[in-house]
Structure formats: C-alpha cells, structure tokens
Amino acid sequence: MLSRSSLSGLAVGLFALYVAHTGWVMYGIVYTRPCPAAGAAAAHPACVWPYLARRPKLQLSVYTTTRSNIGAESNVDLVLNVEDFDVESKFERTVNVSVPKKTRNNGTLYAYIFLHHAGVLPWHDGKQVHIVSPLTTYMVPKPEEINLLTGESTTQQIEAEKQTSALDEPVSHWRSRLTLNVMVEDFVFDGSSLPADVHRYMKMVQLGKTVHYLPILFIDQLSNRVKDLMVINRSTTELPLTVSYDKISLGKLRFWIHMQDAVYSLQQFGFSEKDADEVKGIFVDTNLYFLALTFFVAAFHLLFDFLAFKNDISYWKKKRSMIGMSTKAVLWRCFSTVVIFLFLLDEQTSLLVLIPAGIGAVIELWKVKKALKMTVKWQGIWPKIQFGTYNDSEKKTEEYDAQAMKYLSYLLYPLCIGGAGYSLLNVKYKSWYSWLINSFVNGVYAFGFLFMLPQLFVNYKMKSVAHLPWKAFTYKAFNTFIDDIFAFIITMPTSHRLACFRDDVVFLVYLYQRWLTEP
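What you see is a predicted model, and the numbers here were worked out from it, not measured in a lab. (Residues numbered from 1 in each chain as written. Predicted model: local features only at pLDDT ≥ 70, side-chain atom pairs only at ≥ 80, totals over all residues. Heavy atoms only, no water.)

Turning next to the overall build of the protein. Secondary structure assignment for the protein yields 14 helices and 17 strands. When the 519 residues of the protein are sorted by exposure, 45% land in the buried category. Looking at the protein alone, contacts between residues at least 24 apart form 77% of all its contacts between residues at least 6 apart. With the model as given, the accessible surface of the protein reaches about 28200 Å², and the carbon-plus-sulfur share is 61%. (Helix = DSSP H or I, 4+ residues; strand = E, 2+ residues; numbered from the N terminus. Buried < 20%, exposed > 50% of the residue type's maximum accessible area, 1.4 Å probe, protein only. Contact = heavy atoms within 4.5 Å. Areas by Shrake-Rupley, 256 points an atom, 1.4 Å probe, with all protein chains shown as cover.)

Attention shifts here to the UniProt feature "transmembrane region" (unreviewed entry) in the protein. In this numbering, the UniProt entry assigns the feature "transmembrane region" (unreviewed entry) to residues 288-309, 330-345, 351-368, 407-425 and 431-453. Split by type, residues 330-345 is 100% helix and 0% strand. Its first and last C-alpha atoms lie 23 Å apart. In this annotation, residues 407-425 is assigned 100% helix and 0% strand; the end-to-end C-alpha distance for the span is 29 Å. (UniProt positions renumbered as here; feature names shortened; annotations may be inferred.)

On to the sheet that holds strand S15 (residues 238-248), then. Whether parallel or antiparallel, the strands of a sheet pair through hydrogen bonds between backbone atoms. With mixed pairing, 4 strands are arranged side by side in an open sheet as S4-S15-S9-S13. The open sheet is flanked by strand S4 (91-98) and strand S13 (217-219), the only strands paired with a single partner. Taken over all neighbouring pairs, the strand axes of this sheet differ in orientation by 25° on average, direction set aside. Direction of pairing for strand S9 (residues 177-183) relative to S15: parallel, over a ladder of 7 bridges. Within the sheet, the bridge partner assigned to Asn181 lies in S15 and is Asp246. (Pairing = 2+ DSSP bridges. Axes fitted to C-alpha atoms, helices over the stretch in contact; angles between N-to-C directions.)

Our next topic: the environment of Asp261. With respect to the element layout, Asp261 can be found in helix H5 (residues 250-268). Between the alpha carbons of Asp261 and Asp197 there is a distance of 9.6 Å; along the sequence they are 64 residues apart.

We now examine the environment of Asp246. Within the element layout of this structure, Asp246 appears in strand S15. Taking relative accessible area as the criterion, Asp246 reaches 32% and is therefore assigned partly exposed. Remark: the alpha-carbon pair of Asp246 and Phe91, spanning 155 residues in sequence, is separated by 6.9 Å.

So, about helix H10 (residues 392-426). The end-to-end C-alpha separation of H10 is 49 Å, in line with the 51 Å expected for 35 residues at 1.5 Å each. Along its length, H10 reaches its greatest deviation from straightness, about 45°, at Ser409. (Expected span 1.5 Å × (residues − 1). Bend = angle between axes of the 7 residues up to and from the residue.)

Once that is clear, we can look at the nonpolar core. Core analysis: the largest hydrophobic core is formed by 36 residues, its most contacted members being Phe85, Ile113 and Leu178. Excluding residues that lie within four positions of it along the chain, Phe85 makes contacts with Leu58, Gln59, Leu60, Phe91, Leu115 and Tyr245. Counting residues in hydrophobic clusters, the runner-up holds 21 residues, among them Phe189, Met202, Leu222 and Met259. (Core = buried A, V, L, I, M, F, W, Y, C linked by side-chain atoms within 4.5 Å.)

Spatially, the 3 strands line up as an open sheet ordered S7-S8-S14, and their pairing is antiparallel. Where the open sheet ends on each side, the last strands, each with one partner, are strand S7 (136-139) and strand S14 (229-231). Strand after strand, the sheet turns through a mean of 45° between neighbouring axes, direction not considered. Pairing of strand S8 (residues 171-175) with S14, which is carried by 3 bridges, proceeds in the antiparallel orientation. By the bridge assignment for S14, Trp174 is matched with Met230.

Between two cysteines, a covalent bond joining their sulfur atoms is known as a disulfide. Scanning the model with the defined rule gives 1 disulfide in all. The disulfide partner of Cys35 is Cys47, and the gap between their sulfur atoms is 2.1 Å. Judged by the sign of its S-S torsion, about -70°, the bond between Cys35 and Cys47 is left-handed. Of this pair, Cys35 sits in the loop between helix H1 (4-30) and strand S1 (47-50) while Cys47 sits in strand S1; the two residues are 12 residues apart in sequence, bridging distant segments of the chain. Residue Cys35 shares its accessibility class with Cys47, and that shared class is buried. (Disulfide = S-S within 2.5 Å.)

Counting across every chain of the model gives 3 cavities of 30 Å³ or more. Looking at the largest cavity, its volume works out to about 50 Å³. What lines the largest cavity is Pro50, Tyr51, Leu52, Met183, Glu185, Tyr213, Leu214, Pro215 and Ile216. Classifying every residue of the lining of the largest cavity by side-chain character gives 8 nonpolar, no polar and 1 charged. (1 Å grid on protein atoms, 1.4 Å probe; cavity = no way out; pocket = protein on both sides within 12 Å on 5 of 7 lines; lining within 4 Å. Points joined across faces, edges and corners; volume = space filled by probe spheres on them. Nonpolar A, V, L, I, M, F, W, Y, C, P; charged D, E, K, R; others polar.)

Here we come to the packing of aromatic side chains. For the structure shown, the criterion picks out 11 aromatic pairs. A centroid spacing of 4.9 Å and a plane angle of 70° characterise the contact between Phe85 and Tyr245, whose relative ring orientation is edge-to-face. One end of the pair, Phe85, is in strand S3 (residues 77-85); the other, Tyr245, is in strand S15, and 160 residues separate them in sequence. Across this residue pair, the class does not change: Phe85 and Tyr245 are buried. Residues Phe255 and Trp256 carry aromatic rings whose centres are separated by 5.8 Å and whose planes lie at 40° to one another, so their mutual orientation is tilted. You'll find Phe255 and Trp256 in the same group, each marked buried. (Phe/Tyr/Trp six-rings, centres within 6.5 Å; stacked < 30°, edge-to-face > 60°.)

By the definition in use, this model includes 7 salt bridges. Of the charged contacts in the structure, one is a salt bridge between Arg55 and Asp186, with a shortest N-O distance of 3.4 Å. Residue Arg55 is located in the loop between S1 and strand S2 (58-65), and its partner Asp186 is located in the loop between S9 and strand S10 (189-190); the two are separated by 131 residues in the primary sequence. What makes Asp186 partly exposed here is its relative accessible area of 42%. Linking Glu364 and Lys367 is a salt bridge whose minimum nitrogen-to-oxygen distance equals 3.3 Å. On the criterion of helical spacing, the pair formed by Glu364 and Lys367 is a turn pair, its members being 3 residues apart in helix H9 (residues 351-371). With respect to class, Glu364 is no different from Lys367; both count as buried. (Salt bridge = Lys/Arg side-chain N within 4 Å of Asp/Glu carboxyl O.)

Here's what the structure looks like:
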C-alpha cells in the first residue's frame, strides 16, 4: 500500500513525464526536417519541391452540390470565383447560396473548393487541387427561450419545424462560415520521410526530373462553431455563407491537422457537436502562443487539483472535531458546488467539465456529513439519520459562526432576492427550473465569497488558524492563481472571471491571519 508521501511523489513524477512528453510531441509537430540534399543539387530526386515557388497565376473557385462526389461540372453551382488569387493576401467575402430542395428536407449540401490555374476550368486543369467540406450538420435545435412572466420569445419558432420535428430530434443546420488556408512556405520536403499528417493533403506532379507538390489547400474545421449554425427550414431558399482566407505556415498547418483529428476522435467516441465545440473554443479563441501556455498551465492545474483533493480528503477523513471550523462555510461550499453542477448540467456543458464538477459535489456532500456528524441507520427499508452532539469548545465555535452569519444575512439576502427578481423581469429562460438554477448560480458567482467571511470571523475570535487544512488550502490557492491566468487567456463569463480574483483577496486575508497568529 502506497503511503501518502509516495503517492504525491508518484503524481509529481507522472506530471514531469507528461510535461516532457507533451513538449517533445509539440516539437515534433511544429518542426519538420527539410530535405538534406536540397542545397547540394536543385534537381535531386529525393527532394519534393513546392509548386508555388514557380509563382503560377491561380484562381479560387467555390462550388456547391448535393453530391459527395462529382466528376464534371454538371449539377454544381458556382458561388464564389476569385480571379488572380494571391496566396499571400487574406480576404473575407459573404455570398448568398441557393439551398436545394433536398437540403431543405434534411439533406446535405457540400462545398467543393478548387485552386487551379487562372483562366482554366478546374475540370480541365491537371494541376488543380480541391477539397470538399459539408456546409450542413445535424444537431438538436436549441430550446426556445421566453420571458417567464409575459411568455414573449426572443425569436419566432418556425412553423414548419414545429410540425415536422420534435425538440429532441436532430435537424439539418447551416454552417455559415468557411475558413480556407494555403500553406505558403517554400519548404522542400524529404521524399523518403514525408510527414503523414501533411502527406494526405499533398498532390504530387512530375516536372522534368524533379517532383513538385501542388499548393496545399486546407479547410479550418475548428472555426466551425455551434454559435455560427443556423437551422434550415423548408421555406429557406437562400442562406449566407462567409468565406474567409488566410495563409498558414507549415508548423501551424501540422498543429491544426492534429487538433482537428483529436476533435474528430472525440466525436467518434460519442461526444456531441456541443461537446466538441467546447474543445474547439480552446484552440480558436486563443492565440497560438497563449495556447501552448494554456496546455502547460492546465497540466499544473490538474496536478494541484489532484494534490488538493488528496490532502483535503485525508484531512477530513481524520477529522473528529469541528473546533475552529465554520459549519456554515462547509454547508455553503457544498450548496454552491451542487448548484454549479446542476447549472452545468442544465446548460448541457461538455463532459470534460461536468464530470470533475460532479466529483467535487460528491466530496463536498461527504464533508457536510462529517461536519454535522451525521450517521445513517437503516430500519428495514427506511433510513434514519442521526446527528452527533457538540462539546463546549465546538459550541463556542458555532456561536461565533452564527454571529457572523447574522451580520452577513443583512447584506446577502436582499442582494440575492433582488438579482433573481431582476433576471425574471429582464432575462429570457427555457423554463422556471432554468431561471431558478441561473438565479442560484449567479448568487454563487456574485456573492459566494461572502460565505468565506464567517471562517475569517471565527479565526479572528479564536485567534488561531491551526484548525484549517493548510496543505489542501495551499494547493487550492495555487489553483486560484492559475485561474487568474486563465481569466486573461480563456474566454469565459464575466461573473466567473470576477470570481477568480475575489478568491485571491480572501486567501491573502487568510495568510495575514496566519502571520498574525504565528509565534
């Protein structure tokens, strides 16, 4: 049986191996070894040369069709044509796309993107490159949100959709954005060791004695976000499509290919479009350098989470007395953790976030059982709950705790009730349950730090902080500072961002109290 110290050492060792392995993998993705013979002889047969280095005049054409494979220009619609296409210049254009009847009846519409020589139709150009992307996807429509008092909705529900599909039935949605990239580096590949990730996007041609790879055309699927999807109904004949283009480096191209493969693997394992969208947001909404920082920061966060959980459970497992501990603070932490879990469940948040929140809620419920000295005895099929008694020192702590909560209630209750009433009048929700959970979670985020104050008051009255689980508390404090970094580099609600910084203030007060009580 591993001791606690050896378990912590094992966790730290595994963390170090994980960081080293991740760094090595990232280096292998970003760095590609060029052909060693490229400088010695320009026509060396082992090298694969870029066709773009010849500076050909190119044209970009985007077609739509209901067929997944096309062999000629029949049954296709040209929606965008960019003559004198410059691979170095980015652009963004919005076009209207005709929606065929088959697509309106829950069918699929595909976009065929061709990069070919200017003035030549793509079907007549032997050096054209193309890529296919579906412009539709299937999702369950988002439930309509209404004002619970007036019944007024934000959007009118489409009658045809009401008649043909239930809310739990997936229907065809329109992808309103199409993001294109071309790898523009004049990079000479080693033909004997082509990277497998890039190789599947490459098309080779023999020009004289040398082998060239045609322009690498890439569709950024990570930019296809759930927020950009539009429900397709039977009355829709045209829909807008925003086509954007930007050049991409070889290192970023390889990294993006790996990330798209990872998201696709999640979907193959049963993750929904919304779950995958949570992962996409990490990559799309963050700068590439910040993204690398995020990976390492997240690894430290995971390590400190594990150590905090381990030490917190160990502390509460051995705890027999509540002297110096605020029972109200324990109850509040349990309540707020359960509310946040129910809120995430109501919002259909990704399982990557939901599962850790659920585990945290279970641990907090167990801590409440310990704090209240609850025991459960079964009388037949009915459980009987008994509460233990407090000694004189614990009763003194409870008096301080009740005194702090009395002062706190004068501020807390009016704020929470006022916030819930305001949201009921001005914000639209799916149901009364959704309003209730949102009101609770807004109270947790906005005023949750106030429930940390009773513990500060108890510490002040008892002139001691020795009763606190300082090891677990320290690891949680490190995670609070890590959350501060995430607050700057990750897109999140403002209330959650403020919640990260408010915990810093309380932690600094705890440190000040410890400094005062040290001999």
